[in-house]
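# Chains, contacts and geometry: an overview
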Amino acid sequence: MVEALIFLVLATIKIGVVIGVLLLIIAYLIWVERKVMAHMQVRLGPMRVGWHGLLQPIADGLKLIFKEDIIPDKASKIVFVLAPVISVVPALMSIAVIPFGDTISIFGLSIDMVITDVNIGILFILAVTSVGVYGVILGGWSSNNKYSLLGALRSSAQMISYELSLGLSLIGVIMISQSLSLVDIVDSQAKYWFVILQPLGFLIYAISAIAETNRCPFDLPEAETELVAGFHTEYSSMKFALFFMAEYANIITVSAIAVTFFFGGWRGPYLPPVVWFLIKMALCIFFFIWLRSTYPRFRYDQLMKFGWKILLPVALVNILITGLVIILL
Amino acid sequence: MIRPLIQGLALTLKHFLNPFKVVTMQYPDEKWTPYPRFRGLHELQRDENGKEKCVACGLCSTVCPAECIELEGDENKKGERFAKTYEINMLRCIFCGYCEEVCPENAIFLRQDYELASENIKDHIYNKNKLLVPLKKKK
């Protein structure tokens, strides 16, 4: 009885800390992205709001809170309000199974640095991120706007196409580590990180992850919102902020999974594990921003062709090769 | 196919690692000096004796494509013509320079001042005495 209570309290504290840090990181990821992208493009980025623009996310947040919240007349109100929520919640939920560090002990209690060690960890993550696609399509459909609907259809088609190669690229790792639980996967990288054992898998994962989160160079459904329309045209104020947050939360989730699966999770010499995890995640996110400021975008048909005709067969070939190597060794 | 991708990444990384070399000019702190023939705020000239050169012929008003110049002529005590009222509506003016080209007395020039914004819409009608200030400065 007491054990259950302790577990509950610990879990609540862990959730509180992780969500707090996550939301802070999302808010400041906007600043980091604008500054890094600006310097890569030989310009300065936000400079006026606070020293070098550090208060910019706060200014953006305040602006979004004070904007008028418009719900179109003929929109399906319940679905319209729910869609951003359905986008954000799965993105934040998938952090629940990612291990940040080794077991630490405070006051004689040994605490695992993971909110919950589900033994089907990766299945949980894949399932939950798939639910996030619903947010996009419900948002587009409930806006009662044909351009939103088309944008949402394109975006969700892109996301589900690349989810396949995402899942398949992770299967190579699972075959090596013989377990679906993320904690076991990190533990089995004690000798070699999986990026060395599975370079092709990592490449496929990287490309699929960028396409999954609708980032450049795969962000045509999103760039259209700057040009014509997209699934979040009719959204204003906080609902738009939630969609925006969902995108950055997805980037963080996908980076965290990349770090856990391919880069050894929290493993590393000298520094405490959480610091290593954050450093590796920061490098992954820097890579995302680097790609965004360098490449032009794919056209939509090129994107879909690439996903189905090239990436999916290559992912299957990767699994085949991994299987052969495992059998022969 | 791969090489251009890597070259692109290398270029952006090179720019990132050199954060002090930017092309941005931080406006209120660093201002750009316009070139000598830049067409900015107008200036009505005076001659060596301090008399206004403008004789209110109305050519500038006629040639102005935006129809932003309004003027009324009058005679002073010596019988010389001058402009009693001369108004340019800065919100209509397109700063083309036709008035400068057409003026027979070389009385109006377009100078370098481009910071003409104001919060009050009525402030944008520049009057001869109030805002065509260099009239007093030219001697």
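Scroll up for the structure.
Here's what I pulled together on the structure shown here.

## Focus: the packing of helix H3 (residues 77-93) of chain A against helix H10 (residues 237-262) of chain A
Residues and elements named next belong to chain A. At a minimum axis distance of 8 Å, the contact between H3 and H10 shows a crossing angle of 25°. The pairing of H3 with H10 is recorded here as roughly parallel in orientation. Considering only the axes of H3 and H10, their crossing is left-handed. Touching Pro84, Val85, Ser87, Val88, Ala91 and Leu92 of H3 are Lys239, Leu242, Phe243, Met245, Ala246, Ala249, Asn250 and Thr253, all from H10. In terms of residue class, the contact of H3 with H10 is made up of 10 nonpolar, three polar and one charged.

## Focus: the interface of chain B and chain A
Across the boundary between the two partners, chain B contributes 11 residues, which contact 12 residues of chain A. Among the residues forming the side of chain B that touches chain A, the class breakdown is five nonpolar, five polar and one charged.

## Digging into the environment of Phe218 of chain A
Residues and elements named next belong to chain A. Relative to the assigned elements, Phe218 resides in the loop between helix H8 (199-212) and helix H9 (220-227). C-beta crowding within 10 Å serves as the criterion here: with 28 such atoms nearby, Phe218 is assigned to the buried category. For the pair Phe218 and Met304, spaced 86 residues apart in the sequence, the C-alpha separation amounts to 10.0 Å. Setting aside residues no more than four positions away along its own chain, Phe218 makes contact with Gln158, Ile210, Ala211, Phe298 and Leu303.

## Overview of the nonpolar core
One finds Tyr205, Ala249, Ala258 and Phe261 of chain A to be the most contacted residues of the largest nonpolar core, which totals 73 residues. The biggest single contributor to this core is H10 of chain A, with 15 residues. Beyond its immediate stretch of four places on either side in the chain, Ala258 of chain A contacts Tyr205, Ala209, Phe263 and Cys284 of chain A. Core analysis: the next-biggest nonpolar cluster, separate from the first, contains 13 residues, Cys54, Ile69, Ile88 and Cys99 of chain B among them.

## Digging into unusual backbone geometry
Within the chain, Tyr270 of chain A stands out as a residue other than glycine whose phi angle is a positive 50°. Here Tyr270 of chain A is to be found in the loop between H10 and helix H11 (273-294). With a phi close to 50°, Asn106 of chain B is a non-glycine residue in the positive phi region. Asn106 of chain B sits in the exposed class, given 11 other C-beta atoms within 10 Å.

## Section: helix H12 (residues 300-328) of chain A
All names here are of chain A. Here H12 is 29 residues long and its end C-alpha atoms lie 41 Å apart, about the 42 Å a rise of 1.5 Å per residue gives. The largest bend in H12 is about 35°, located at Leu311, with the proline Pro313 one to four residues further on. Looking at H12, one finds that the buried residues are Leu303, Gly307, Leu311, Ala315, Asn318 and Thr322.

## Details of the pairing of strand S2 (residues 69-75) of chain B
Residues and elements named next belong to chain B. Across seven bridges, S2 lies against strand S3 (residues 81-89) in antiparallel orientation. Residue Ile69 lies in a different strand from S3, and its bridge partner there is Ile88. If you look at the hairpin formed by S2 and S3, you'll find five residues sitting between the two strands, and Gly79 has a positive phi there, around 90°.

Parameters at a glance
- Residues numbered from 1 in each chain as written.
- Chains lettered and ligands numbered in written order.
- Predicted model: local features only at pLDDT ≥ 70, side-chain atom pairs only at ≥ 80, totals over all residues.
- Axes fitted to C-alpha atoms, helices over the stretch in contact; angles between N-to-C directions.
- Helix = DSSP H or I, 4+ residues; strand = E, 2+ residues; numbered from the N terminus.
- Parallel < 35°, antiparallel > 145°, perpendicular 65-115°, else oblique.
- Left-handed = near helix turned anticlockwise from the far one by under 90°.
- Contact = placed C-beta atoms within 7 Å.
- Nonpolar A, V, L, I, M, F, W, Y, C, P; charged D, E, K, R; others polar.
- Buried ≥ 20, exposed ≤ 12 C-beta atoms within 10 Å, placed from the backbone.
- Core = buried A, V, L, I, M, F, W, Y, C linked by C-beta atoms within 7 Å.
- Expected span 1.5 Å × (residues − 1).
- Bend = angle between axes of the 7 residues up to and from the residue.
- Pairing = 2+ DSSP bridges.

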